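Structure at a glance
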Amino acid sequence: MTPRYRIHQVKLSLQESTADLPKKILKKLGNRDYILTDVEIVKESIDARDKKDIKKVYSVDFSVVTRQRPRDYIRIRTGGKTGVEEAPDMTYIEVPCGEQVLTHRPVIIGFGPCGMFAGLTLARRGLKPLIIERGAPIEKRVADVEKFWAEGILNPESNVQFGEGGAGTFSDGKLTTGIKDPRIRRVLSDFVRAGADPDILYKQRAHIGTDVLRTVVKNIREEIIRLGGEVRFNTRFVEVKTKDKCVKSIVVVKEGKEEEIFTEDVVLAIGHSARDTFRYLAGRGIKMQQKPFSIGVRIEHPQSLIDRAQYGEGASQLSPADYKLSHHCTNGRGVYTFCMCPGGEVVVASSQEGGVVTNGMSNRARNSGTANSGLLVDVRCEDFGSPSPLAGIEFQEKYEKLAFSLGGGNYQAPKTTWAEFRDDKDAAAAVIGSLPEFAVESIREAMPHLGRKLSGFDDDRAVLTAVETRSSSPVRFARNENMEGTFGGFYPAGEGTGYAGGIMSAACDGIKVAEKIISKYQA
């Protein structure tokens, strides 16, 4: 095996290019006879602590030959002052197959990141999954969403939340995650194969962009089908049937017609907005519990303000800047920014009639000129006012309905400025009325502190749009060590069931569940 090495903290000025990396690494190694080969950037970040001397910082993998023997790879010393280490093997390791004979193909409910990568993983191993998606394929879904934004006509089954690619398709397509999982590289590589820019493999805060995501999700769908899988759109899951405490079949509805599909393995990858499904499953006896989440607004600034605050005079030479801020309030609540979209826009992301919920999204170029993020406040289970596992959903619905009504009843989200919100002006009444009192109090306390952390964040003209309620699922399903839920062969997975928090963690959870299914059956 060819020896591979990794080195961190290789710095370039803004005037230097990545072509200069080998020269920088050789200087660190201190050996003029070395020649670097197979150089691969594995991480890129920005060090802007000194705004007069901003650096691009890299971690790089490479192999080494010598000038005397340019065809023979050599081993070099690791550790010491150079900081060189053995490069980790990032190859995805396939799980071994099991002993059972597959009687019916696995069924996946939901075609967001979790369901998509569960399906792709199963299809690659020859299990030919059937994927059920209540929403439309991406081509039709985009038309439905654009009609909603233009005319206020909501399709409850095909919208920003439901349809091919899930809620992440109408977002920034951010690929940041706090999890440490060897499957991450697999997910990123699959996105690149499906059409995403290769820079997502190493950018510190990588993103695909909602415009590119539309092509990516379609290509992944076509790959699943090529491998023998099937994807059925506009098909809604309505019932699970069991025998001896194990899954026997599910019932779906399409165009008013019911169909029973026999299967022993169901992946529940429904996302956090399938509230009718949550209610059915709770009534069916599926074990779940309340989970804390957050509520707040979307906050917008000129992107140039954020760029100057983060990069100073170097802003013009760098991509649009982002931020991540938080404050712990005297009332014990946490206030934090979430899902920051540089060069993006705030959108209404409703999926239920009579409710308004907001989100942020941006295209690959991030060139709208406006920055936005969620400005959220912790919601605790005791805030729900009920022991029901569905009480968090009812809490969300309450404030989404208020935002709909106070916004004029036509799916226009209430807006105001920070100054109006802070000073309790009449112009802010609709936004304030769309939030619980503790959230209003917490945001008012936190904003000046956040403004000290990021200059201009508390500018009087910053725009607040209500209401953001769906940063995470308000429920968590029971799941054992085999990732099965209440019934054998029933696999709650991804963000909606409480096991992920974004595109990457949801995709990884989908792969993990697929691995459990693969490990049961013969190839």
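Note that the structure is a prediction, hence the values are computed from the model and not measured. For every chain, the first residue of the written sequence is number 1, and numbering continues from 1 along that sequence. Since the coordinates come from a predicted model, pLDDT governs what is reported: local features require at least 70, and pairs of side-chain atoms require 80 or more to be given and counted, while whole-chain, interface and lining totals use all residues. The side-chain numbers reported here are obtained from all heavy atoms of the structure, hydrogens and water having been left aside.

Thoughts on the sheet that holds strand E20 (residues 463-468)
Operational definition: Strands are labelled as partners when DSSP assigns at least two bridges between them. Helix and strand definitions here come from DSSP, where helices need a minimum of 4 consecutive H or I residues and strands a minimum of 2 consecutive E residues; each element is numbered from the N-terminal end. Note on definitions: angles span 0 to 180 degrees between N-to-C directions of axes, and those axes are lines fitted to C-alpha atoms, for helices only across the stretch in contact. The contact criterion used throughout is that any non-hydrogen atoms of two residues lie within 4.5 Å.
The antiparallel open sheet is built from six strands, whose spatial order is E14-E15-E18-E13-E20-E19. Each of the sheet's edge strands pairs with one partner strand only, and the pair in question is strand E14 (326-328) and strand E19 (415-417). The sheet shows a mean angle of 25 degrees between the axes of neighbouring strands, direction not considered. Bridge count for E14 against strand E15 (residues 334-341) is three bridges, and the pairing is antiparallel. Looking at the pairing, His328 lines up with Gly334 of E15. Along the sheet, helix H7 (residues 303-311) contacts strand E13 (293-302) and strand E18 (370-379); its crossing angle with E13, the most-contacted strand, is approximately 95 degrees. In the packing of helix H11 (residues 437-453) onto the sheet, the strands contacted are E13, E14, E15 and E18, and the crossing angle to E18 comes to about 130 degrees.

Structural notes on unusual backbone geometry
For the peptide bond that leads from Ala466 to Val467, omega is 0 degrees, which places it in the cis range. Positionally, Val467 belongs in strand E20. Of note in the backbone geometry, Gln9 takes a positive phi value of approximately 60 degrees without being a glycine. Tracing the sequence through the fold places Gln9 in strand E1 (residues 5-13).

As for the nonpolar core
Stated formally: Throughout this description, the term nonpolar core refers to a set of buried Ala, Val, Leu, Ile, Met, Phe, Trp, Tyr and Cys residues connected via side-chain atoms within 4.5 Å. The rule is simple: take the accessible area with a 1.4 Å probe, protein chains only, and divide by the maximum for that residue type; under 20% is buried, over 50% is exposed, in between is partly exposed. Domain start and end points were adopted from an automatic or database domain assignment.
Core analysis: the largest hydrophobic core is formed by 56 residues, its most contacted members being Phe117, Leu175, Phe191 and Ile220. The set of elements that each furnish at least two residues to this core consists of helix H2 (113-124), helix H3 (138-151), helix H4 (184-193), helix H5 (210-226) and helix H12 (503-518). Looking at this core element by element, the count peaks at 10 residues for H12. Residue assignment places this core across two domains, with domain 2 (107-289 + 473-519) and domain 3 (292-383 + 397-468) each supplying three or more. Setting aside its immediate chain neighbours within four residues, Phe117 contacts Val187, Asp190, Phe191, Ile220, Ala507, Gly510 and Ile511.

Comments concerning the UniProt feature "domain: FAD-dependent protein C-terminal" (unreviewed entry) in the chain
The criterion, for reference: UniProt positions are given in the numbering used here, feature names are shortened, and annotations may be inferred rather than shown by experiment.
Mapped onto the present numbering, the UniProt feature "domain: FAD-dependent protein C-terminal" (unreviewed entry) falls at residues 292-471. When the span residues 292-471 is considered, its composition is 29% helix and 27% strand, and the gap between its end C-alpha atoms is 11 Å.

Concerning the domain arrangement of the chain
The line we're drawing: By convention, the term buried area covers the 1.4 Å-probe accessible surface removed from two parts as they join, with the contributions of both added. Should a side-chain nitrogen of Lys or Arg be within 4 Å of a carboxyl oxygen of Asp or Glu, the pair is scored as a salt bridge. Under this grouping Gly is polar, as are all residues other than the nonpolar Ala, Val, Leu, Ile, Met, Phe, Trp, Tyr, Cys and Pro and the charged Asp, Glu, Lys and Arg.
Entries for the chain in the domain assignment read domain 1 (4-86), domain 2 (107-289 + 473-519) and domain 3 (292-383 + 397-468). The centre of domain 1, based on its C-alpha atoms, is set 39 Å off from the matching centre of domain 2. Listed as interface residues are seven residues of domain 1 and, on the opposing side, five residues of domain 2. Together, the buried faces of domain 1 and domain 2 total about 510 Å²; carbon and sulfur atoms form 43% of this surface. Where domain 1 meets domain 2, there are two salt bridges. Residue classes in the side of domain 1 that touches domain 2 are distributed as three nonpolar, one polar and three charged.

What about the environment of Thr469?
We apply this condition: Whenever a nitrogen or oxygen atom comes within 3.5 Å of another N or O atom, the pair is scored as a polar contact, on the condition that within protein one atom can donate a hydrogen and the other can accept it, and that pairs from neighbouring residues in sequence are kept only if both atoms are in side chains.
Examined against the element boundaries, Thr469 turns out to sit in the loop between E20 and strand E21 (475-477). Spatially, the C-alpha atoms of Thr469 and Gly296 are 6.7 Å apart, while their sequence positions differ by 173 residues. For Thr469, the side chain forms a polar contact with the side chain of Glu400, separated by 2.5 Å.

Some details on the sheet that holds strand E2 (residues 34-47)
Taken together, four strands build an open sheet; the order of strands is E2-E3-E1-E4 and the sheet is antiparallel. Where the open sheet ends on each side, the last strands, each with one partner, are E2 and strand E4 (85-86). Examined bridge by bridge, E1 and E4 share two bridges and lie antiparallel to one another. When the sheet's bridge partners are listed, Tyr5 is paired in E4 with Glu86. The sheet strands contacting helix H1 (residues 21-29) are E1, E2 and strand E3 (55-66), and the helix crosses E1 at an angle near 115 degrees.

With respect to the pattern of salt bridges
Oppositely charged side chains can form a pair if their charged atoms are brought close together. Using the criterion set out here, one finds 43 salt bridges in the structure. Taking the shortest distance from any N to any O, the salt bridge between Arg185 and Glu40 comes out at 2.6 Å. Taken together, the positions of Arg185 in helix H4 and Glu40 in strand E2 put the pair 145 residues apart, joining distant regions of the chain. Here Arg185 falls in the buried class, since its relative accessible area comes to 15%. Between Glu86 and Arg75 there is a salt bridge, with the nearest N and O atoms lying 3.7 Å from each other.

Focus on the pairing of E15
Between the end of E14 and the start of E15, which pair antiparallel, lie five residues, with Gly332 showing a positive phi angle near 90 degrees. As defined by bridge partners, E15 adjoins E18 across five bridges and the pair is classed as antiparallel. When the sheet's bridge partners are listed, Thr337 is paired in E18 with Leu375.

Observations regarding the packing of H3 against H5
Running from N to C, H3 and H5 point in directions that differ by 150 degrees, and their axes come no closer than 10 Å. Note on element contacts: H5 touches H3 through Arg214, Val217, Lys218 and Arg221, opposite Ile138, Glu139, Val142 and Glu146.

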